[in-house]
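Secondary and tertiary structure notes
Here is what each chain is made of, one letter per residue.
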Amino acid sequence: MLQGGHCIKAMSMMNAAPNRVVQLDAGWREIREKALTVLEHMIEDGVKENSSLFNPAQYINTYTMCYNMCTQREPNSWSSQLYERHGQSLRTYLESVALEAIQEQPDEPPESILREYVKRWNNHKIMNKWYQRFFMYLDRYHVVYHGLPNLLESGLQIFKEEVYDKTKVCFLFELMW
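So, a few notes on the structure that sits alongside this text.

Scoring rules and cut-offs
Within each chain, residue numbers correspond to sequence positions counted from 1 in written order. Note on the predicted model: pLDDT of at least 70 is required for a residue's local features to be given, and 80 or more for side-chain atom pairs to be given and counted; whole-chain, interface and lining totals, by contrast, use all residues. Values shown for side chains rest on all heavy atoms present in the structure; no hydrogens or waters enter the calculation. Disulfide: a pair of cysteine sulfur atoms within 2.5 Å of each other. A 1.4 Å probe rolled over the protein chains alone gives each residue an accessible area, and that area as a share of the maximum for its type sets the label: buried under 20%, exposed over 50%, partly exposed in between. A pairing counts as a salt bridge when a side-chain nitrogen of Lys or Arg comes within 4 Å of a carboxyl oxygen of Asp or Glu. Helix and strand definitions follow DSSP, with helices as H or I runs of at least four residues and strands as E runs of at least two, each counted in order from the N terminus. Should any heavy atoms of two residues lie within 4.5 Å, those residues are counted as being in contact. In this analysis an axis means a line fitted to C-alpha atoms, helices contributing only their contacting stretch, and an angle means the value between N-to-C directions, from 0 to 180 degrees. Comment on the angle field: the value is read as roughly parallel under 35 degrees, roughly antiparallel over 145, roughly perpendicular from 65 to 115, and oblique elsewhere. Crossings are sorted by hand: turned counterclockwise from the far helix by less than a right angle, the near helix makes the crossing left-handed, and turned clockwise it makes it right-handed. Aromatic rings from Phe, Tyr and Trp, with only the six-membered ring used for Trp, were paired whenever their centres fell within 6.5 Å, and each pair was classed as stacked if the ring planes differed by under 30 degrees, edge-to-face if by over 60, and tilted otherwise. Criterion for a charge above a ring: Arg CZ or Lys NZ at most 6 Å from the ring centre, at most 35 degrees from the ring normal. In a helix, the anticipated span is given by 1.5 Å times the number of residues less one. One fitted axis covers the seven residues ending at a residue, a second covers the seven starting there, and the bend at that residue is the angle between these axes.

Some words on the state of the cysteines
With the rule as written, the count across this model stands at zero disulfides. In this model Cys66 remains outside any disulfide bridge; the closest cysteine sulfur is found in Cys70, 4.1 Å from its own. Judged by relative accessible area, Cys70 falls into the buried class, the value being 7%.

Written out as structure tokens, the structure reads:
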């Protein structure tokens, strides 16, 4: 049960939502502004893996927005688009923040790139976990129905493609020397 009556409020929000059509860009903007960008800033400021980053009301509002966007009648059901934007959002963050931070590490001392790599991997695990929570409804229905990789697997694959594959030569070089 959520604290302070948030469960009742969340349930009423989910029940009231079908009266209002959420457009893709408006819903995505709300998810980005209220959850994903906030999460990115929290991670960059430094958080522990088991930290509770969002209170129940913040979490349920984002989950509910995703749920509402996925359960609207066609042509306003945005499951495929949210799945794609989920992946693209992770990809953009990894390219512009994580990969850049690793590539900017000096050659000396040699372990600096390794430390940064571990930091970025740990940050990604936290981010991937929260993305999966926010978009959980996609895993339950869209992913299963279309035979797609679940959100956690997709997030790991994106890290491999956007960070590991682009830095592995440098990373292995540092390990050998």
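So, the pattern of salt bridges
Inspection of every chain in the model, using the stated rule, returns 11 salt bridges. Put simply, Arg120 and Glu44 hold a salt bridge, and the shortest N to O gap is 2.7 Å. Residue Arg120 is found in helix 5 (residues 111-134), and its partner Glu44 is found in helix 2 (residues 24-45); the two are separated by 76 residues along the sequence. Arg120 gets classed as buried once you look at its relative accessible area, which sits at 6%. The structure contains a network of salt bridges with shared partners spanning Arg91, Glu161, Glu162 and Lys166.

Examining the side chain of His86
With respect to the helices, strands and loops of the structure, His86 is situated in helix 4 (residues 79-103). When sequence neighbours within four positions are dropped, the list of residues in contact with His86 reads Trp28, Tyr131, Phe135 and Leu151.

Considerations on the packing of helix 2 against helix 3 (residues 56-71)
Packing of helix 2 against helix 3 brings their axes to within 10 Å, and their N-to-C directions diverge by 165°. As summarised for this structure, helix 2 and helix 3 are arranged roughly antiparallel, according to the angle between their axes. For helix 2 against helix 3, the interelement crossing comes out left-handed. Only Thr62, Met65, Cys66 and Met69 of helix 3 make contact with helix 2, whose side of the interface consists of Leu24, Gly27, Trp28, Glu30, Ile31 and Ala35.

Focus on the packing of aromatic side chains
Counted under the stated rule, the structure contains 11 aromatic pairs. Between Tyr117 and Phe159, the ring centres sit 6.1 Å apart and the planes meet at 75°, which makes this aromatic pair edge-to-face. With a gap of 42 residues between them, Tyr117 in helix 5 and Phe159 in helix 7 (residues 151-176) connect regions that are remote in the sequence. What links up through ring pairs into an aromatic cluster is the set Phe54, Tyr59, Tyr63, Trp130 and Phe134. Over the ring of Trp130 we find Arg133; its NZ or CZ atom is 4.6 Å from the centre of that ring.

With respect to helix 2
When the terminal C-alpha atoms of helix 2 are compared, their 30 Å separation across 22 residues agrees well with the 32 Å that a helix rising 1.5 Å per residue should span. Arg32 marks where helix 2 bends most, by close to 45°. Buried within helix 2 we find Leu24, Gly27, Trp28, Ile31, Ala35, Leu36, Leu39, Glu40 and Ile43. On its buried face, helix 2 sits against helix 3, helix 4 and helix 5. The first or second residue beyond helix 2 is Gly46, which carries a positive phi of 95°.

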